Amino acid sequence: MNMPVTIPAKLSDALVSAAHLVVLTGSGISAESGIPTFREAQTGLWQRFDPLELATPTAFATNPQLVWDWYAWRRQLIADAKPNLGHQALVALQKYMPRFTLITQNVDGLHQLAGSYDVLELHGNIRRTICSVERIEVTDWPSGKDAPPRCPDCQAPLRPDVVWFGESLRPEKFKAAVEASEDCDLFLSVGTSAIVEPAASLAHIASRHGAFIVEVNTGKTPLTQFADESLIGPAGVLLPALLKILS
Ligand code: BV8
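Let us look at the structure shown here. Please read these numbers as outputs of a predicted model, since none were measured by experiment. (Residues numbered from 1 in each chain as written. Predicted model: local features only at pLDDT ≥ 70, side-chain atom pairs only at ≥ 80, totals over all residues. Heavy atoms only, no water.)

**Quick look at the site of the ligand**
Line of reasoning, step 1. By nearness alone, 33 residues border the ligand, and Ser27, Arg39, Tyr71, Arg74 and Ser193 come closest of all.
Line of reasoning, step 2. One nitrogen or oxygen atom from the side chain of Tyr71 is found 2.6 Å from an oxygen atom belonging to the ligand.
Line of reasoning, step 3. Taking Thr218, its side chain carries an N or O atom lying 3.3 Å from a nitrogen atom of the ligand.
Line of reasoning, step 4. Breaking the shell around the ligand down by element, the ones donating at least two residues are α2 (28-31) and α5 (64-79).
Line of reasoning, step 5. Here the shell around the ligand is composed, by residue class, of 13 nonpolar, 15 polar and 5 charged.
Line of reasoning, step 6. If you count residues domain by domain, the shell around the ligand takes at least three from each of domain 1 (9-35 + 83-123 + 169-246) and domain 2 (36-80 + 130-162). (Near = heavy atom within 4 Å. Polar contact = N/O pair within 3.5 Å; in protein donor to acceptor, adjacent residues only side chain to side chain. Helix = DSSP H or I, 4+ residues; strand = E, 2+ residues; numbered from the N terminus. Nonpolar A, V, L, I, M, F, W, Y, C, P; charged D, E, K, R; others polar. Domains from an automatic or database assignment.)

Set out below in structure tokens:
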């Protein structure tokens, strides 16, 4: 999409002079890779389910097969997905910036596939499977009728390595995200509806510590009114435009 992009001068200045850039991404950055955003209507047989209901320990305890099959479907959705120009622009920004922290709420692993490193995955990654009791990663299990499969070690059901609603984030990950948000002088919130907590608090923490807050989103969110700059448009167009200022 060749839409003309004008980056406001105060954002260009903030980008050029930034010592530490923090980027928080949500499912919107993966939309241009063909992955439906978390709240978009689910397709096919999943249409009648609300993700907020399925991505919970209660749902898994009540109907483990339904939740396991939902994640198997989502893993299929991302299996062929490729990182897009937005992911790739963040890989280049990581090289340009004196200090760069990428925090993602996404569980699709596309940032790492694009070449980003030291990614803080606040909500885990659906490409990893863990034992629901021992919480250790399990990479291989006997194929067969069991859905979810059983842990080869203790026979407990396997589950995706993600943080469900009502589960706590890994303390060390969120602590690192908070510390980076407190330290940064420029904070980009990209492709997130800024609703899910505690991730949504990071932009406000950065703002309270004097950072310049920029939102990149195709629409408005509860963060928009607090942002110093709000760029409306697709991340796959706007992030490369920001990168162009530095190259
Ligand atoms: C917790 C993994 C302590 C699973 C996910 C206050 C404090 C603490 C907790 C809470 C609180 N208030 C409420 C809570 C509870 C809850 C919560 O936040 N609920 C919400 C619904 C209000 N939070 C929790 O439970 C968290 N745990 O706090 O622990 C605790 C413990 C016990 C009891 C209480 C508290 C855990 C949250 C993690 C949940 N797990 N994912 C899975 O994926 O299956 S979150 C899930 O939602 C996804 O990871 C996804 O990232 C996220 C959805 O948010 P977005 O990424 O923003 O996606 P969304 O679709 O909403 O928006 C997309 C945006 O992109 C839109 O704005 C759109 O306009 C834009 N867009 C679209 N296309 C583009 C684009 N932008 C740019 N370019 C484009 N092309």
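**Here's the deal with the environment of Ile205**
Line of reasoning, step 1. Mapped onto the elements of the fold, Ile205 is located in helix α9 (residues 202-208).
Line of reasoning, step 2. Relative accessible area serves as the criterion here: at 10%, Ile205 is assigned to the buried category.
Line of reasoning, step 3. Considered as a pair, Ile205 and Ser181 are 24 residues apart in the sequence and their alpha carbons are 6.3 Å apart.
Line of reasoning, step 4. Those residues in contact with Ile205 that lie beyond four places of it in its chain are Val178, Ser181 and Glu182. (Buried < 20%, exposed > 50% of the residue type's maximum accessible area, 1.4 Å probe, protein only. Contact = heavy atoms within 4.5 Å.)

**Focus on the packing of helix α1 (residues 9-17) against helix α10 (residues 235-246)**
Line of reasoning, step 1. Their axes nearest at 9 Å, the elements α1 and α10 cross at an angle of 60°. Where α1 crosses over α10, the handedness of that crossing is right-handed. On α10, the residues touching Leu11, Ser12, Leu15 and Val16 of α1 are Leu242, Ile245 and Leu246.
Line of reasoning, step 2. The residue makeup of the contact of α1 with α10, split by class, is 6 nonpolar, 1 polar and no charged. (Axes fitted to C-alpha atoms, helices over the stretch in contact; angles between N-to-C directions. Left-handed = near helix turned anticlockwise from the far one by under 90°.)

**Thoughts on the side chain of Arg74**
Line of reasoning, step 1. When you line up the elements, Arg74 lands in helix α5.
Line of reasoning, step 2. Buried and unpaired, Arg74 has no salt bridge, with Asp108 as the nearest side chain of opposite charge at 8.0 Å.
Line of reasoning, step 3. Aside from chain neighbours lying at most four places away, what touches Arg74 is Phe38, Val107 and Ile126. (Lys, Arg positive; Asp, Glu negative; His and termini not counted. Salt bridge = Lys/Arg side-chain N within 4 Å of Asp/Glu carboxyl O.)

**Some points on the sheet that holds strand β8 (residues 229-232)**
Line of reasoning, step 1. The parallel open sheet is built from 6 strands, whose spatial order is β3-β2-β1-β6-β7-β8. What marks the edges here is a single partner per strand, and that holds for β3 (120-121) and β8.
Line of reasoning, step 2. With 6 bridges connecting them, strand β1 (residues 20-25) and strand β2 (residues 99-104) associate as parallel partners. Pairing of Val22 across the sheet is with Thr101, part of β2. (Pairing = 2+ DSSP bridges.)

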